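One letter stands for each residue in the lines below.
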Amino acid sequence: MIDPSALKGSIQDIAIKVTEEQLINRNMSNDLKEKTIFVLGSKSVGKTSIINNFLDRDDPVKPTLALEYSFGRRSGSGGQSVQKHICNVWELGSLVNSHHLMEIPIKSHGFEHLNVVIVVDLSQPERLWKDLEESLNGLKQAIAVNERGENLEELTQKMKQMIGIDHPDRHTLDVFPFPVMIVGGKYDQFQNMDPEIKKHVCRCLRSVAHTIGASLLYYSSSLSQLSKILRDSMNHFGFGSPSNPFRTTATDYNGPIIVWHGQDSWKDIGVTPSNSERIGMNYSTHIPQKDVESGEISFDDPAMDPAFREPAIDELRAQKDEELLRYIRDTEIRSKFEIVKTF
């Protein structure tokens, strides 16, 4: 029960206190299992729709402007008691200047129960690598900032074991300390592109997924088989069932790619062992990447588009942005304070 006298201060202070109280209550319950899914990637690729489908929601899809939180709950049998399963779901709206936002899901829930879904836009091969690289670099930075107090080596070894202790490439991989799935969205628009483009996109995504120990899936909401595989994968990450969401492997670039982690190899991909940087350089040689900031004007954020100016709404938006920045600073201060208390 939350003490009403504690509910004083700013909205952020109250939210932090309520969240901490809820986390304490959850941790005191032995019948609670909790997982976290962090969804990020390309803009306007269908991330919100993927989450709504996973959570059985029919909410109207609106642009995600910053970082949004939702959750799902289930109850399952746990011996003589009923176990409660909670899945925290975070969605990052844009990759632009988002490194601080990427840290929030990790700071809130840690690495041990974290699962990451990176969604890239297959219909824009000329921007695919930029989005994938920004996602990977942001995650690596978040890991570096929040590694104190986390047994990263143990978690990384656990991921390597999931790939297979007998896998021939295990010593050449640089896996993340948590499960990652790369989703190639808008496959329905990509499937009729030039075969040469599809070949390079496939080789790039398979190589990156393999080197970080990730699964890879092409996806379109209009193709029921791919939608089911993605929904099953989200349920696997969030609630542990089904245990094998992919059930099949497909690596022909003329069709949708479906590769569970540990099921690929450098030999099957047709390349020598590599890392993300070299993979990106090779891909960009064949498919030059467009930089939004190199001359193109893009209003991915409707708040920045002059056509959507509304003084009253813009003023409220500015207040919310300021509140968000204060929340991020408060989170960082509390994190440092917790570190000091452990010594």
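Residues numbered from 1 in each chain as written. Predicted model: local features only at pLDDT ≥ 70, side-chain atom pairs only at ≥ 80, totals over all residues. Heavy atoms only, no water.

## Brief notes about the pairing of strand E6 (residues 215-218)
Residues Ser215 and Leu217 line one face of E6 and the alternating positions Leu216 and Tyr218 line the opposite face, and both faces are buried. Taken together, the four bridges between strand E5 (residues 180-185) and E6 define a ladder with parallel strand orientation. By the bridge assignment, valine 183 is partnered in E6 with leucine 217. Sheet analysis places E6 next to strand E7 (residues 258-259), joined by two bridges and oriented antiparallel. Paired with leucine 216 across the bridge in E7 is valine 259. (Buried < 20%, exposed > 50% of the residue type's maximum accessible area, 1.4 Å probe, protein only. Helix = DSSP H or I, 4+ residues; strand = E, 2+ residues; numbered from the N terminus. Pairing = 2+ DSSP bridges.)

## Concerning the confidence of the model for the protein
Residues of the protein with pLDDT of at least 70 account for 79%, and the chain-wide mean is 84. Taken as a whole, residues 339-343 scores under 50 in pLDDT and shows two contacts with residues more than four places along the chain or in a different chain. (pLDDT = per-residue confidence, 0-100. Contact = heavy atoms within 4.5 Å.)

## Quick look at the packing of aromatic side chains
Summed over the entire model, instances satisfying the criterion amount to nine aromatic pairs. Between tyrosine 187 and tyrosine 218 the ring centres are 5.7 Å apart and the planes differ by 35°, which places this aromatic pair in the tilted class. Here tyrosine 187, found in helix H6 (residues 187-190), pairs with tyrosine 218, found in strand E6; they are 31 residues apart in sequence, far enough to count as distant. What makes tyrosine 187 buried here is its relative accessible area of 4%. Aromatic rings pair up to connect Tyr69, Phe71 and Trp90 into one cluster. (Phe/Tyr/Trp six-rings, centres within 6.5 Å; stacked < 30°, edge-to-face > 60°.)

## Topic: helix H3 (residues 99-109)
Inspection of H3 places Leu101, Met102, Glu103, Ile104, Pro105 and Ile106 among the buried residues, and these make up the whole buried set. Immediately beyond the C-terminal end of H3, within one or two residues, lies glycine 110, with a positive phi of roughly 80°.

## Focus on the environment of leucine 95
Note on placement: leucine 95 falls in the loop between strand E3 (81-92) and H3. Once residues lying within four places of it in the same chain are set aside, the contact partners of leucine 95 are Leu40, Gly41, Ser42, Met102, Asp131, Glu134 and Ser135.

## Notes on empty space enclosed by the protein
Throughout the structure, instances matching the rule amount to two cavities of 30 Å³ or more. The space that makes up the largest cavity amounts to roughly 80 Å³. In this structure, the largest cavity is lined by 13 residues; those nearest its centre are Ala209, His210, Ala214, Val259 and Asp264. Broken down by element, the residue count for the lining of the largest cavity peaks at three residues, all from helix H7 (residues 195-212). (1 Å grid on protein atoms, 1.4 Å probe; cavity = no way out; pocket = protein on both sides within 12 Å on 5 of 7 lines; lining within 4 Å. Points joined across faces, edges and corners; volume = space filled by probe spheres on them.)

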